Amino acid sequence: LIHVTNSVCLWLAVVECTMRMIGLGPKLFFSDVYNHLDMVLVPVALIAEIFYYSSSGGRVEELQWVLAFRTMRVFRISKLMTSLRGLRVLQNVIAQTVHDVWSILIITIIVLFMLSILGV
């Protein structure tokens, strides 16, 4: 069931990408960074799909490197961030929080490193 759902979503993405390219024209289509992302993700997903069905659903471990690219589909959600003001504010707050936590993490690592040198 999950492979059928994945195939349906993949073909919907192919149709969507094709319709956007035809509707916008190549010049306007490739002027958007997110369309570049789609033009990487969709062919990689198609290759993974072809490998999956050519191996009869078995030996999937051989194409784990291709399947890892499917996680990049999460970046398509960031496309919403540019159009919705509330999500942009949330994105900025999360980015600032990550920055603050990163700074505290670096300081903690330095303190632990110094304490380990002292043998405490």
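The following refers to the structure shown. (Residues numbered from 1 in each chain as written. Predicted model: local features only at pLDDT ≥ 70, side-chain atom pairs only at ≥ 80, totals over all residues. Heavy atoms only, no water.)

### Here we look at the pattern of salt bridges
Throughout the structure, instances matching the rule amount to two salt bridges. A salt bridge links Asp38 to Arg20; the nearest nitrogen and oxygen atoms lie 2.6 Å apart. Of this pair, Asp38 sits in helix H3 (residues 33-54) while Arg20 sits in helix H1 (residues 2-24); the two residues are 18 residues apart in sequence, bridging distant segments of the chain. Residue classification places Arg20 among the buried residues on the basis of a relative accessible area of 17%. (Salt bridge = Lys/Arg side-chain N within 4 Å of Asp/Glu carboxyl O. Helix = DSSP H or I, 4+ residues; strand = E, 2+ residues; numbered from the N terminus. Buried < 20%, exposed > 50% of the residue type's maximum accessible area, 1.4 Å probe, protein only.)

### Describing a nonpolar patch on the surface
A cluster of nonpolar side chains, contributed by Trp102, Leu105, Ile106, Ile109, Ile110, Phe113, Met114 and Ile117, occupies part of the molecular surface with about 840 Å² of accessible area. Along the chain, Ile117 falls in helix H6 (residues 85-118). According to the relative accessible area criterion, Ile117 is exposed, its value standing at 59%. (Patch = residues over 30% accessible without salt bridge, like charges linked within 9 Å, V, L, I, M, F, W, Y side chains within 5 Å. Areas by Shrake-Rupley, 256 points an atom, 1.4 Å probe, with all protein chains shown as cover.)

### A word on the packing of aromatic side chains
The full count for this structure, using the stated rule, is one aromatic pair. Where Phe29 meets Phe30, the ring centres are 5.0 Å apart and the plane angle is 85 degrees; that geometry is what we call edge-to-face. (Phe/Tyr/Trp six-rings, centres within 6.5 Å; stacked < 30°, edge-to-face > 60°.)

Purely geometric stuff here, so don't read any function into it on its own.
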